[in-house]
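In case you want the letters, here they are:
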Amino acid sequence: MSRWDGMDEVVAIADTGSFVAAARRLGESTSMISRAVARLEERLGLRLFERTTRSVALTDAGRSIVEQFRRIIEERDEALRLVHAQGEMRGEVRLTSSVAIGERFVAPVVEEFLRAHPGLSVHLETTNRVIDLVSEGFDIAIRTGNQLDARLAARQVAERSLLVCAAPAYIARAGAPAHPAELVAHECLLGTSTNWHFREDGQRSSIVPTGRLRCNSGNAVMHAAENGMGLCQLPAFYVREAIAAGRLVRLLEDYEDLPEPVWAVYPQRRFTVPKVRALIDLLERRLPALIA
């Protein structure tokens, strides 16, 4: 008997909501399902389900471990599929990204990936919430900055520059700051970041901008800047066209921080799965030209 016998049964019960339905799915008897779960609970020293005559529900311990069981089963089944399909990748890759980067840049790469691999599907979730990859069953997250979850492996796939801009009308009215310290006298348009970062004489510095508008949409912040409402600091991909067209003016260029890394982060064991590695490889090839 394998130490991990019972994982399929636990996942089936969690998915179907009952021992009877799980038995039907797996083609086993209800008593066999019950014994397999009981043996696994005994080996783990944990109770995975709360059982009554009318319902079955995961315990807190069950909820914390069922997604890990699901990923282990998926990896096992994928390995078997690869053997039988002579290397053709099948199954699903679960990927998450911020809304802005996901919609603009990750989604087109996912489309290319799907065209190249007809046996695969991708679940792309764009959200500004930081998803726990392990507990929520995701393979990859695209994240920015230098503060990453130490529990996860990471590979840099691109970088992005943050630019300070304002409309000509705002500059005519309020002037252009010559140094980051002068931003305290200006109306700043605030996004999701609480600090604006700069670099002077090789040293990184930051200020806490103040302003009357805060919005978690980079597009909304950019449009407010174009309308002369104040200064913004946004990734270059938001503002490059407006700068080229003269609707925005790039400011404080001599003090711009180094480009911010864009990472593909993943549970270490997931990188060994061919479909996950293949998608990260493609993201690394395509994102630099798209985001720069």
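Structure: see above.
Description of the structure in this document. (Residues numbered from 1 in each chain as written. Predicted model: local features only at pLDDT ≥ 70, side-chain atom pairs only at ≥ 80, totals over all residues. Heavy atoms only, no water.)

Some details on the environment of Ile-72
Part 1 of the argument: Inspection of the secondary structure assignment puts Ile-72 in helix 4 (residues 60-84).
Part 2 of the argument: Under the relative-accessibility criterion, Ile-72 is labelled partly exposed at 38%.
Part 3 of the argument: Residues Ile-72 and Gly-230, 158 residues apart in the sequence, show an inter-C-alpha distance of 51 Å. (Helix = DSSP H or I, 4+ residues; strand = E, 2+ residues; numbered from the N terminus. Buried < 20%, exposed > 50% of the residue type's maximum accessible area, 1.4 Å probe, protein only.)

Comments concerning the nonpolar core
Part 1 of the argument: If you look at the biggest cluster of nonpolar residues, it comprises 44 residues, and the most contacted ones within it are Phe-113, Ile-140, Ile-142, Val-239, Leu-248, Leu-287 and Ile-291.
Part 2 of the argument: By residue number, the principal contributor to this core is helix 10 (residues 274-291), which donates eight residues.
Part 3 of the argument: Beyond its immediate chain neighbours, meaning those up to four positions away, Ile-140 contacts Val-93, Arg-94, Leu-95, Thr-96, Leu-133, Ala-264, Val-265, Val-276, Leu-279 and Ile-280.
Part 4 of the argument: Listed in part, the 18 residues of the second largest apolar core include Ile-13, Leu-40, Leu-48 and Val-66. (Core = buried A, V, L, I, M, F, W, Y, C linked by side-chain atoms within 4.5 Å. Contact = heavy atoms within 4.5 Å.)

A short note on the side chain of His-186
Part 1 of the argument: Structurally, His-186 is set in the loop between helix 7 (168-174) and strand 8 (188-190).
Part 2 of the argument: Non-local contacts of His-186, meaning those with residues more than four positions away in its chain, are made with Tyr-170, Ala-174, Gly-175, Ala-176, Pro-177, Thr-210 and Leu-231.

A look at the environment of Val-157
Part 1 of the argument: Summarising the element assignment, Val-157 is placed in strand 6 (residues 153-160).
Part 2 of the argument: Excluding its chain neighbours within four sequence positions, the residues that come into contact with Val-157 are Val-262, Trp-263, Ala-264, Ile-280, Leu-283, Glu-284, Leu-287 and Pro-288.

Observations concerning the sheet that holds strand 4 (residues 120-126)
Part 1 of the argument: Pairing is mixed in the open sheet, where five strands are placed in the order 4-3-5-14-6. Single-partner strands in this sheet number two, and they are strand 4 and strand 6. On average, each strand axis in the sheet is tilted by 20 degrees relative to the strand beside it, whichever way the strands run.
Part 2 of the argument: Of the pairings in the sheet, the one linking strand 5 (residues 140-144) to strand 14 (residues 260-266) comprises four bridges and is antiparallel in character. Looking across to strand 14, one finds that Arg-143 is bridged to Trp-263. (Pairing = 2+ DSSP bridges. Axes fitted to C-alpha atoms, helices over the stretch in contact; angles between N-to-C directions.)

Observations concerning helix 10
Part 1 of the argument: Here helix 10 is 18 residues long and its end C-alpha atoms lie 25 Å apart, about the 26 Å a rise of 1.5 Å per residue gives.
Part 2 of the argument: The principal kink in helix 10, of about 30 degrees, is found at Arg-285, preceding the proline Pro-288 by one to four residues.
Part 3 of the argument: Of all the positions in helix 10, only Lys-275, Val-276, Ala-278, Leu-279, Ile-280, Leu-282, Leu-283, Leu-287 and Ile-291 are classed as buried. (Expected span 1.5 Å × (residues − 1). Bend = angle between axes of the 7 residues up to and from the residue.)

Concerning helix 3 (residues 30-44)
Part 1 of the argument: With 15 residues, helix 3 extends 21 Å from end C-alpha to end C-alpha; this agrees with the ideal 21 Å at 1.5 Å per step.
Part 2 of the argument: Burial in helix 3 covers these residues: Ile-33, Ala-36, Val-37, Leu-40 and Glu-41. Buried residues in helix 3, looked at end-on, bunch into an arc of 130 degrees, giving them a common side.
Part 3 of the argument: Trailing helix 3 by a residue or two, Gly-45 shows a phi angle of about 70 degrees, which is positive. (Arc of directions from axis to C-beta.)

Here's the deal with the pairing of strand 10 (residues 203-207)
Part 1 of the argument: Examined bridge by bridge, strand 9 (residues 196-200) and strand 10 share five bridges and lie antiparallel to one another. Bridged to Arg-199 within strand 10 is Arg-204.
Part 2 of the argument: Linkage of strand 9 to strand 10, two consecutive antiparallel strands, is achieved through a turn of two residues, within which Asp-201 is found at a positive phi near 55 degrees.

Considering the pattern of salt bridges
Any two side chains of opposite charge can pair, given that their charged atoms come close.
Part 1 of the argument: Tallying each qualifying case throughout the model produces 16 salt bridges.
Part 2 of the argument: The closest approach of N and O atoms between Glu-260 and Arg-160, which form a salt bridge, is 2.7 Å. Of this pair, Glu-260 sits in strand 14 while Arg-160 sits in strand 6, and the two are 100 residues apart along the sequence. Just as Glu-260 is buried, Arg-160 falls in that class too.
Part 3 of the argument: Several salt bridges share partner residues, and in doing so they unite Asp-15, Arg-25, Glu-67 and Arg-70 into one network. (Salt bridge = Lys/Arg side-chain N within 4 Å of Asp/Glu carboxyl O.)

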